[in-house]
Amino acid sequence: MYYMAPVKISKPDQFHHENKTWGRLLEFFKQENTFLKNRLSEVVDHSTDKDFLALAEQFQNKFIIKDEIIDELRHDINLQSVDLINRNDSLVDNKLIKRQEKLRNEMEYFEKDFIQLKNEFNKYLSSRV
């Protein structure tokens, strides 16, 4: 068992850290989504199978939706960060705490959902080879 000495970290500092981490993560997902769309485009360029093209369109739509969700999450995180910066004290009110918890849950869900979509896409392409 490990012993960790107590460390005093303020909620605003922790929230700022989380927000910066989420921003980097969203940037990664945006780049990954671009890579997936480019891969889809490459595969579609070499396929005439109508069933595949129909499924490819579904994947394309899902990737576009992921981009929109990334933009919305980024916007919400930026709003939260601005509210945290505009605080004059080291305390945060319940409204900010609730919004941070909501963002935390949304980021967790998005990350799992994105990875699931990416795996589903890659498995499908692997089955077509």
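Residues numbered from 1 in each chain as written. Predicted model: local features only at pLDDT ≥ 70, side-chain atom pairs only at ≥ 80, totals over all residues. Heavy atoms only, no water.

**Student:** Teacher, can you tell me more about the overall build of the chain here?
**Tutor:** Per the secondary structure count, the chain includes 3 helices and 0 strands. Put simply, the chain runs from its N terminus to its C terminus through helices and strands in the order α-α-α. Here the chain has a C-alpha radius of gyration of 20 Å; the compact-globule value for 129 residues is 14 Å, and the former is much larger. With respect to the three principal axes, the spread of C-alpha positions in the chain is 60 × 40 × 20 Å. For the chain, the residues scored as buried account for 29% of the 129 residues in total. (Helix = DSSP H or I, 4+ residues; strand = E, 2+ residues; numbered from the N terminus. Rg over C-alpha atoms; globule rule 2.2 N^0.38 Å. Buried < 20%, exposed > 50% of the residue type's maximum accessible area, 1.4 Å probe, protein only.)

**Student:** Even after reading the chapter, I still don't get the nonpolar core, so can you show me in this structure?
**Tutor:** Across soluble globular proteins, you tend to see nonpolar side chains buried next to one another. By size, the foremost hydrophobic cluster in this structure holds 21 residues, and its most contacted members are Leu26, Phe59, Phe63, Phe110 and Phe121. At the level of secondary structure, the elements contributing two or more residues to this core comprise α1 (11-45), α2 (50-85) and α3 (94-128). It is α3 that provides the largest number of residues to this core, a total of 8 residues. Phe59 has contacts with Leu40, Leu117, Glu120, Phe121 and Tyr124, leaving out every residue within four places of it along the chain. Within the second largest apolar cluster, 5 residues are counted, among which are Leu84, Val92, Leu96 and Ile97. (Core = buried A, V, L, I, M, F, W, Y, C linked by side-chain atoms within 4.5 Å. Contact = heavy atoms within 4.5 Å.)

**Student:** Which parts of the structure should I look at to understand the packing of aromatic side chains?
**Tutor:** Note on aromatic pairs: each is described by the distance of the centres and the angle between the planes. Applying the stated rule across the entire model yields 9 aromatic pairs. Between Phe29 and Phe114, the ring centres sit 4.7 Å apart and the planes meet at 50 degrees, which makes this aromatic pair tilted. Residue Phe29 is found in helix α1, and its partner Phe114 is found in helix α3; the two are separated by 85 residues along the sequence. (Phe/Tyr/Trp six-rings, centres within 6.5 Å; stacked < 30°, edge-to-face > 60°.)

**Student:** For this particular structure, what's the right way to read α3?
**Tutor:** Structurally, the α-helix is built with 3.6 residues per turn, so residues lying three or four positions apart point the same way. The terminal C-alpha atoms of α3 lie 51 Å apart, and with 35 residues this matches the ideal 51 Å at 1.5 Å per residue to within 8%. Within α3 the residues assigned to the buried category are Leu96, Ile97, Gln100, Leu103, Met107, Phe110, Phe114, Leu117, Phe121, Tyr124 and Leu125. In this structure, the buried residues of α3 make contact with α1 and α2. (Expected span 1.5 Å × (residues − 1).)

**Student:** Even after reading the chapter, I still don't get the packing of α2 against α3, so can you show me in this structure?
**Tutor:** Two numbers describe how α2 lies on α3: the axes approach to 11 Å, and their chain directions differ by 160 degrees. The angle between α2 and α3 falls in the class roughly antiparallel. Crossing of α2 against α3: the hand is left-handed. The residue inventory of the contact of α2 with α3, partitioned by class, reads 19 nonpolar, 2 polar and 9 charged. (Axes fitted to C-alpha atoms, helices over the stretch in contact; angles between N-to-C directions. Parallel < 35°, antiparallel > 145°, perpendicular 65-115°, else oblique. Left-handed = near helix turned anticlockwise from the far one by under 90°. Nonpolar A, V, L, I, M, F, W, Y, C, P; charged D, E, K, R; others polar.)

**Student:** Help me understand α2 in this model?
**Tutor:** Taking 1.5 Å of rise per residue, 36 residues should cover 52 Å, and α2 covers 52 Å from first to last C-alpha, within 8% of that figure. Three or more residues of α2 are buried, namely Phe52, Ala56, Phe59, Phe63, Lys66, Asp67, Ile70, Leu73, Ile77, Gln80, Ser81 and Leu84. Check the buried side of α2 and you find it contacts α1 and α3.

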